[in-house]
Amino acid sequence: MLRQIEGSQAVARVVAACRPEVVCAYPITPQTHIVEAIGAMVKSGELPGCRFINVESEFSALSVAIGASATGARAYTATASQGLLFMMEALYNAAGLGLPIVMTLANRAVGAPINIWNDHSDAMAARDAGWIQLFARSNQEAADLHAQAFRLAEEVSLPVMVCMDGFILTHAFERVDVATREQIEAFLPPFEPRQVLDPAAPVSIGAMVGPEAFEEVRYLAHARHLDALGVIESVAEEFAEVVGRKSGGLVAPYRTQDAELVVIALGSVLGTIHEVVDEARDRGLRVGALGVTTFRPFPLEAVRDALAGDARLVVLEKAFSSGFGGVLSTDIAMALGGATARLSTVVGGLGGRAITETSLRRVVDDALEGRLGRLEFLDLDRAAVERELAHMAGDRRSGPIAENVLRAIGAGTAGIAGRRA
Amino acid sequence: MNELPFAISLEVGSSLANRTGSWRVERPRYLDRMPPCNDACPAGENVQRWLYLAEEGDYERAWRVLVEDNPMPAIMGRVCYRPCETACNRGQLDEAVGINAVERFLGDLAIERGWRLPEPAPDSGARVLVVGAGPGGLSATYHLRRLGHTVRLVEASSALGGMMRYGIPKYRLPRAALDAEVARITEMGVDVELGTPVRDLAGAMRAGGFDAAVLAVGAQLAHRAYIAAADSARVLDAVSLLRSMEGEEPPALGRRVVVYGGGDTAMDAARTARRLGATDAIVVYRRTREKMPAHDVEVEEAAEEGVVMKWLSTITQMEKGRLVLEKMALDEHGFPQPTGELEVLQADSVVLALGQDADLSLVGGLEDVVVRHGALEVGDDLMTGHPGVFGVGDATSAERTVTTAIGQGKAAARAAHAWLSGVPLERPTRHELATFELLNTWYYDDAPKTMRRRLEPARRTGTFDEVAVGLDESDALFEARRCLSCGNCFECDNCFGVCPDNAVIKLGTGRRYEFDFDYCKGCGICLQECPCGAIVMEPEEI
Amino acid sequence: MSGQPVRFFQVGSFAAGNRLLPPELRSVQSDATRANALTSGHRACQGCGEALGARYVLDTAMRATQGRLIAVNATGCLEVFTTPYPQTSWRVPWLHSLFANAASVATGVASALEAQGRSDVRVLAQAGDGGTVDIGFAALSGLFERNDDVLYVCYDNQAYMNTGVQRSGATPPAARTATTEAVGPEPGNPFGQGKNLPLIAMAHGIPYVATATVADLHDLEAKVFKAMSIHGARYLHVLVPCPLGWGSAPAATIELARLAKETGLFAVFESEHGELTASSPIRRPVPVEAYLRPQTRYRHLFDDAGEVGRPDVVARLQAMADANIARFDLLGGER
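Residues numbered from 1 in each chain as written. Chains lettered and ligands numbered in written order. Predicted model: local features only at pLDDT ≥ 70, side-chain atom pairs only at ≥ 80, totals over all residues.

Engineer: Would you explain the overall build of chain B in this entry?
Structural biologist: Each helix and strand in chain B was counted, giving 18 helices and 23 strands. When its C-alpha atoms are laid out on the principal axes, chain B stretches across 110 × 55 × 50 Å. Nonlocal contacts in chain B, meaning residues at least 24 apart in sequence, comprise 72% of its contacts between residues at least 6 apart. (Helix = DSSP H or I, 4+ residues; strand = E, 2+ residues; numbered from the N terminus. Contact = placed C-beta atoms within 7 Å.)

Engineer: What is the right way to look at the overall build of chain C in this model?
Structural biologist: Scanning chain C from terminus to terminus reveals 11 helices and 8 strands. Taking 335 residues into account, the globule formula puts the C-alpha radius of gyration at 20 Å, and chain C, at 19 Å, falls close to it. Overall, the C-alpha framework of chain C stretches about 60 × 45 × 40 Å when taken along its three principal axes. Among the 335 residues that make up chain C, the fraction classed as buried is 62%. A separation of at least 24 residues holds for 66% of the contacts in chain C among residues at least 6 apart in sequence. (Rg over C-alpha atoms; globule rule 2.2 N^0.38 Å. Buried ≥ 20, exposed ≤ 12 C-beta atoms within 10 Å, placed from the backbone.)

Engineer: Before we go on, may I ask you to explain the domain arrangement of chain B in this structure?
Structural biologist: Many descriptions give the size of an interface as the accessible area lost when the pieces come together. Segmenting chain B into domains produces domain 1 (19-32 + 489-539), domain 2 (36-115 + 440-480), domain 3 (127-220 + 358-421) and domain 4 (223-354). A separation of 47 Å is found between the C-alpha centroids of domain 1 of chain B and domain 3 of chain B. (Domains from an automatic or database assignment.)

Engineer: Where do I start with the interface of chain C and chain B in this structure?
Structural biologist: Contact with chain C, which involves 43 residues of that partner, is made by 43 residues of chain B. Of all elements in the fold, only helix H1 (49-64) and helix H9 (253-263) of chain C reach the threshold of two or more residues within the side of chain C that touches chain B. In terms of residue count, H9(C) provides more of the side of chain C that touches chain B than any other element does, 4 residues in total. Taken together, the residues of the side of chain C that touches chain B sort by class into 20 nonpolar, 19 polar and 4 charged. (Nonpolar A, V, L, I, M, F, W, Y, C, P; charged D, E, K, R; others polar.)

Engineer: I keep staring at the sheet that holds strand S12 (residues 307-310) of chain B and nothing clicks. Help me out?
Structural biologist: Sheet strands pair via backbone hydrogen bonds, and the direction of the pair is either parallel or antiparallel. All names here are of chain B. Pairing is parallel across the open sheet formed by 5 strands, whose spatial order is S9-S16-S10-S11-S12. What marks the edges here is a single partner per strand, and that holds for strand S9 (235-237) and S12. The sheet shows a mean angle of 25° between the axes of neighbouring strands, taken without regard to direction. Relative to strand S11 (residues 280-284), strand S10 (residues 256-260) is paired through 5 bridges, and the arrangement is parallel. By the bridge assignment, Val259 is partnered in S11 with Val283. (Pairing = 2+ DSSP bridges. Axes fitted to C-alpha atoms, helices over the stretch in contact; angles between N-to-C directions.)

Engineer: In this structure, what is going on with the sheet that holds strand S15 (residues 336-346) of chain B? I would like to understand it.
Structural biologist: Residue and element names in this part refer to chain B. As summarised here, the arrangement of the 4 strands in space is S8-S13-S14-S15, forming an open sheet in which the pairing is mixed. Across the chains shown, the open sheet's two edge strands, defined by having one partner strand only, are strand S8 (228-229) and S15. As paired strands, strand S14 (residues 322-330) and S15 are joined by 8 bridges and run antiparallel to one another. Looking at S15, one finds that Ala329 is bridged to Gln337.

Engineer: What am I meant to see in helix H13 (residues 357-368) of chain A here?
Structural biologist: Helical geometry note: an α-helix holds 3.6 residues per turn, so side chains three or four residues apart project in the same direction. All names here are of chain A. Between its first and last C-alpha atoms H13 spans 16 Å; for 12 residues at 1.5 Å apiece the expected length is 16 Å, and the two agree. Taken together, the buried positions of H13 are occupied by Leu360, Val363, Val364 and Ala367. Viewed end-on, H13 has its buried residues packed into an arc of 95°, placing them on one side of the element. Buried residues belonging to H13 abut strand S11 (261-265), helix H10 (269-282), strand S12 (287-292), strand S14 (312-317) and strand S15 (343-347). Backbone geometry just downstream of H13 places Gly370 in the positive-phi region, at approximately 70°. (Expected span 1.5 Å × (residues − 1). Arc of directions from axis to C-beta.)

Engineer: How should I be thinking about the pairing of strand S4 (residues 75-79) of chain A in this particular structure?
Structural biologist: Two faces, one strand: in a regular strand the side chains alternate between the faces of the sheet. All names here are of chain A. Summarising burial for S4: 5 of the 5 residues are buried, a large majority. Of the two faces of S4, both are covered, the one formed by Ala75, Thr77 and Thr79 as well as the one formed by Tyr76 and Ala78. Sheet analysis places strand S2 (residues 22-25) next to S4, joined by 3 bridges and oriented parallel. Among the inter-strand pairings, Cys24 is bridged to a residue of S4, identified as Thr77. Both S4 and strand S5 (residues 102-107) contribute to a ladder of 4 bridges, which runs parallel. When the sheet's bridge partners are listed, Ala78 is paired in S5 with Thr104.

Engineer: I tried to follow the interface of chain C and chain A on my own but got confused; where do I start?
Structural biologist: Contacts between chain C and chain A engage 39 residues on the former and 37 residues on the latter. Ranked by the residues each element gives to the side of chain C that touches chain A, the list is headed by helix H3 (residues 102-115) of chain C, at 11 residues. A class-by-class count of the residues in the side of chain C that touches chain A yields 22 nonpolar, 13 polar and 4 charged. When strand S9 (residues 203-205) of chain A meets strand S2 (residues 94-96) of chain C, the two strands line up parallel, connected through 2 bridges. Bridge assignment links Ile205(A) to a residue of S2(C), and that residue is Leu95(C).

Engineer: Just checking my understanding: could you explain helix H9 (residues 214-243) of chain A for this structure?
Structural biologist: All names here are of chain A. Taking 1.5 Å as the rise per residue, H9 with 30 residues should run 44 Å; its terminal C-alpha atoms sit 41 Å apart, in good agreement. Residue Leu229 marks the point of greatest curvature in H9, where the axis turns by about 25°. Regarding H9, the residues found buried are Ala228, Ile232, Val235, Ala236 and Phe239. Contacts made by the buried residues of H9 are with strand S6 (132-135), helix H7 (139-156), helix H8 (181-187) and strand S13 (294-296). Remark: Gly244 follows H9 within two positions and exhibits a positive phi of approximately 80°. (Bend = angle between axes of the 7 residues up to and from the residue.)

Engineer: I'm lost on the environment of Pro281(C) in this one. Help?
Structural biologist: Residue and element names in this part refer to chain C. Among the structural elements, Pro281 can be located in the loop between strand S8 (275-279) and helix H10 (288-292). Overall, Pro281 belongs to the partly exposed group, with 17 C-beta atoms counted inside 10 Å. Taking C-alpha positions, Pro281 is 31 Å from Cys77, a pair spaced 204 residues apart along the chain.

Engineer: Is there a simple way to explain unusual backbone geometry in this structure?
Structural biologist: Working note: non-glycine residues mostly have negative phi, and peptide bonds are mostly trans. Here the residue pair Thr29(A) and Pro30(A) is connected by a cis peptide bond, since its omega of 5° sits within 30 degrees of zero. Examined against the element boundaries, Pro30(A) turns out to sit in the loop between S2 and helix H2 (32-44). Backbone torsion omega between Tyr85(C) and Pro86(C) reads 10°, so that peptide bond is classified as cis. Within the element layout of this structure, Pro86(C) appears in the loop between helix H2 (77-82) and S2. Unusually for a residue other than glycine, Gln158(C) sits at a positive phi of about 70°.

Engineer: So what exactly am I meant to see when it comes to the environment of Thr39(C) here?
Structural biologist: Along the chain, the position of Thr39(C) falls in the segment before H1. Using a count of 21 C-beta atoms within 10 Å as the deciding quantity, one classes Thr39(C) as buried.

Engineer: What exactly am I supposed to notice about the nonpolar core here?
Structural biologist: Across soluble globular proteins, nonpolar side chains show a tendency to be buried alongside one another. Ranked by size, the top nonpolar core spans 412 residues in total, and within it Val162(A), Val259(B) and Val109(C) carry the most contacts. Looking at this core, the element that brings in the most residues is helix H14 (residues 402-421) of chain B, giving 10 residues. Sequence-distant contacts of Val162(A), that is, excluding residues within four places in its chain, are made with Val102(A), Thr104(A), Leu105(A), Leu134(A), Ala136(A), Ala142(A), Leu145(A), His146(A) and Ala149(A). (Core = buried A, V, L, I, M, F, W, Y, C linked by C-beta atoms within 7 Å.)

If you want it as C-alpha cells, here you go:
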C-alpha cells in the first residue's frame, strides 16, 4: 500500500506484519520511532501474540531477543550507535549461537565526541560480529529488507542487521509501498527454529568450545555466510515475485555499463550519487554507481562482476578506520584482487555532515581528471585542522581535540548544536 | 531434534561419558561399625538392630532380633543395670537412649501377644546337662535347645529362675514377667528337674549319658563377717532375707533395721525392709558413696524410699537392740582405715549383705576342674579344665549380674555346640567401635529422653508393686527413634543426597547404597555428612 | 519452614531422607527417581558446593514443574564445568549466552513462552555471585522491576572462582582472594558496606525472595517449591562453599555452609513482596571463629597454632554476625 510515511513507521509496519513474538526496546536516537510504533501496536491489541519488553539497556534488549529466539520465538529489536556497542558482546553471542534475530540499526556516529547524527561507524564496528548486514538505500528498501531479513535469518540461522541511515531515512517522510500482511504471509513462512529450548526434547545450547573445535565452529559460520549470499539473491527474487518490486540483493549497479568512473557506497547516499551520476551522464561523462546492499557476507564475486573493466573507482564511506582509511574500500579492493591504483577512498558525511551534490560533483570531476588522492576527506575544514595540528605540534599534550577544533573554528558546542537543530 | 548445530549445542546427559572417578585419590567405603550399646551389652544383644526395627514400629521383628541373643527381654528390661545406656553416644548429645525401657516394652508386648521363641533346630543327638536354672542356666538351655541339643535342666530349688526369683525383690521384677519368660523357654522342650541339687557332676553326667554340661549354680552362700555379737542380737543375711520373701511367712525385722554392706543386694535388703514395715532402714558401709559397688539407680531409688546411708562406718559390735559403729577414714590409697571414733546405733535387727560364694562341691569328682577364690576357672570359651564342662554366671569370676549370666549362657551354649560338633569355636570379628567422634550429630532431631515413670515413693514402701512403670507404645516408639544408629547405616539418604557427583546409587529400601566409582571423585562429603559414621575413606590404589 | 507438625522421626527433617517418613514428605534429593538435572561426569572440583546447589535447585524445580522447565545460565564455573564441548551434564533444556545477561535471556525465554501460550513451562535463571551482584546486576534489577516470570537463582561462593578466585561484590570482609591478598596492614578484602543482594531484591518488592544454603536441603527444596508456586520475579540466593576459593577441605563443603548459617554470618530468611516473612533460627550457636578457622582464605587471622592472631578483625566479623542475628531474629524470638 503506497503511502506518504515516515521511514521508521514503514519499517514498524513491515516488522509487525512479519508477526514477531518478542520485541525488545531500549530507547536510543534515532531508532526510537520504530519500537515506539511497534509498542503501540502491541498495546492496542493490533499485534496479538507479541510481547513487547521494555528493557534497561541495549545489552539486555539483545539478550532478551537471544532468549526468545532460542525458545523458538521470532524476535526483533532495534538500536543505534552507542547502543550497538553496548550490546556488542551479545551481538557476537547471537551470531555464534546462530539465532535468527532481526535488528534494525539506525546508523549513527559513535562517540566520543557524542553525536546523534548519521554515519556508518556503528555498523563498521560490528562488521566482524558474525551478523548479516544489509544496507538500505531508501525507506522503500528499508521496509522491504526487514521482511526479507526475517526470511533470510530463519533460512540460514544467522541474525540479520538491517542498516538504515539515522534521520536521513528513519525520520524522512517519503512515499513507501508498505508490503501488506497478506503479501508477507505469502512470502514469509512460519519460523521453524534449527534448535529450540523445549522440555520435550532438551538440549544444551551454548557450550564452551576449546581449541579442538573452535576454528571449525568459525569455519562453519563462514560457510553459512557464504551460503547466505545465494539465499539473499533468491529471497530478493521471491520477494519481487510476491510483492512485485525488486529490493535487496547483493549489489545494486547503476549505469555502470561502459563507465569510466564508478562511485561505490552503502546506504542512502546512493540516492544523491545517482543524481550526480545522471547529471554527469548528461554532461557526457561516463560515470556509474554501485550500491553494496549486502555488506556481510561480502559479495566478492558480485562486486567483481559489477566492476569488471578498468574504470576508476571512488568509494564514498561514512566511516573509516583511524590510522588506516576506508573500510569498504578494503573489501572492494579485495574483490578486485588486491590494492589497486584505480581506487580512491573519500570519507564523508561523518557525524551527520551533509553530503551535497555539489561536493560529489567535485569528487567526480577530480576523479576523472586524476586529481583525487588515495584517501580524501569530503568538505574537510582544512584551515581548522591545520591550526590544531600546528597547535598540537607546538604543545604536545593530551586533551579533547574536539574542543580545540571547535575553538579553532570559532564555535562553541552549543552554537553548532543550535545550528543543526 | 534432528541435527544440532556443531559444538555449540550438545545432547543432554552426554557427560556420562566422562568418568570423573579417575580423579580420585581416596575412595569411600561403607562399613558397619560396632555401636557402643552392642559393644557394652554383656548379653551380646544387637541393640542397635532391634531398635532400628522398633523405630519402624515393627515390634515383633525387633523382638525376634532381640531374642536371638537374649530370650528374656521382659526380665532384662527390668533388672539390667544398662551398661548399654552408659555407653550410648546419645548421652554425649543430650541423654542416653532409654534402651532398657524399650526392651521391657518389647518383652511385655511379646508376653501380651504370646509371641513364641523360634523353633529348635533338628535334634543333634547330643545331650547336655545344665545345672542351675538361674539366668545363666536358662540362657544356656535356650541356646542349646535352639541348636538342636537335648537339654536336661536340673535345679535345686523348687522353682525356676535362680537369683531372679530368690534374690531380686518383686518390686523390681514382678513374678508374672519372670514366670512367663521362663515358661517360654521350657516350652521349647526342656527336661526340667526341680528340687534336685546335683552333688556329683561326674556321676550325674555318667548316669544321664550327657555329652556336655553347663554349670550355672550361682552363688548363694552368704559371706559372714567376724563381728562380736551377743547371742541376743537379731542378725540375718541378705540372701536368706530375700529368699525368704518367696516363702509363705515374711521374716520379722522390727522397726529399726540396719543393713551392712554396699552392694545391690544391700540396697535390695534395705528396700525390702522398708516394705516389710521398718520405719528406719539404715545402710552401713565402710567406704564412701563413690566407692560403693551398688548401681546408682538402686541407691537413688533406695534413698527416695527413705533408706538412710551411713558412710565410712563399720560395725564393731552387735547386741540386742543396739550396735556399735566405728568411724572410718580413707587413706591415700582410698582404703578405709579405723579412726577409733565410736558411735552407738539403735537397731532391732542387722542384715548382712557382704557378698556371696558359690557352692562348687559338685565338681569335687572332676580333678581337672579348677576352683580358684571360690569361683570356677574357665577359659575364653567358658570351658572348665574338664572337656565338655562349661561354667557360667556367678559361679565363675564374672560380674554378678543377670545380664552377664545371660550372655555367658549364650556363649557357653555356642562353645558347647562347637565342642560337641567337633569344630573350632568361631568368633565373629568385632567391628571397630563407632565412637561419638565418628558421628555427625547435626542430623539428629533434638529430643531429650522420655523419662521412665516410676511409682510415687510414698506408695512404694507399703507395697511390693513394681516401681518402674513401662512405656506406652508411643513413648517406646519415640525412645527407639532417639537411637543414633551408631556405625550402622539406617538409610537416611544423606550420602545419596549430598554427593556433588551423583556417584551414590540408592539400592532401595533395606538394601542401602553403593558407590559409583565411575564418577566418585573422592571428595568425602558423604563421610563427613553421614550421621552415623558408616563410611570410611581409604587411599585409592593408583 | 515447611510447616509440618512437629513429630519426631530420628533424623527429623535434617537428613536428606528418612525411611520413617511417608515418601511424599521426604526430600526430592532422597528420591532415587529424582531428575538429576545436573548429572555425573561434570568437571566441578571435588566437593563443589555449586554443583550440589544447582542439582538441589533444579531437581526440585523439575519436580515442581513436572519436568517442564527451561534453564538459563550465566557464564561462570557452573557453565564451564557442565558444558565443555563435546559433553554436557545437563538434562534439562539449557541455554548459556553470556556472563552478564542471564536475567535478560531468561526474560526472553519467558516472554517467548508467554507469546506462544505455553504457560506450563517455567523458566529458571542461574548464575554465580559475580554474574549476579556485579556484572549481571543491571539486567537482574530490570527483571525484578518488570516482575518477569523467572526464578533467578544465585549460587554465591563469594568470589570469582572460575577465573582464579578474584574478589567480587559478594566477597566478605577479610577474605583473601587473588585480588585482595592477605598482605599489608589490612589483609584480605577490606571492610566495606557490603552488597546484600537479597535485601536489594526485596527493595524491588518482588513476590518472593529467599536465602538458603546447601547445608539445609529441606529448607532449600521448600523454598524452590514455594518459588515455583508463584508467578513473577523470584530470587533465591544460595550459599555454596567453594573448596578451591575458600581453601577448605572438599569434604567440609556442607559443614561450612552450616557454620555460615549457625554463626549468623549468613542469614537464612524468606520475604514476600518486600516484607520479611520468616527466618531460620540458629540451632547450635557458634562463634565466627569456628567458621573462619577451617578456611585458608582467613588464615591470616590466626597464628600458626591456630589461635586468633587478629582479634580486632575477628571481632568485626563477629559484630557482623551479631548484627545479622539481631536484624533477622536468628536466635528465634518467636519460634
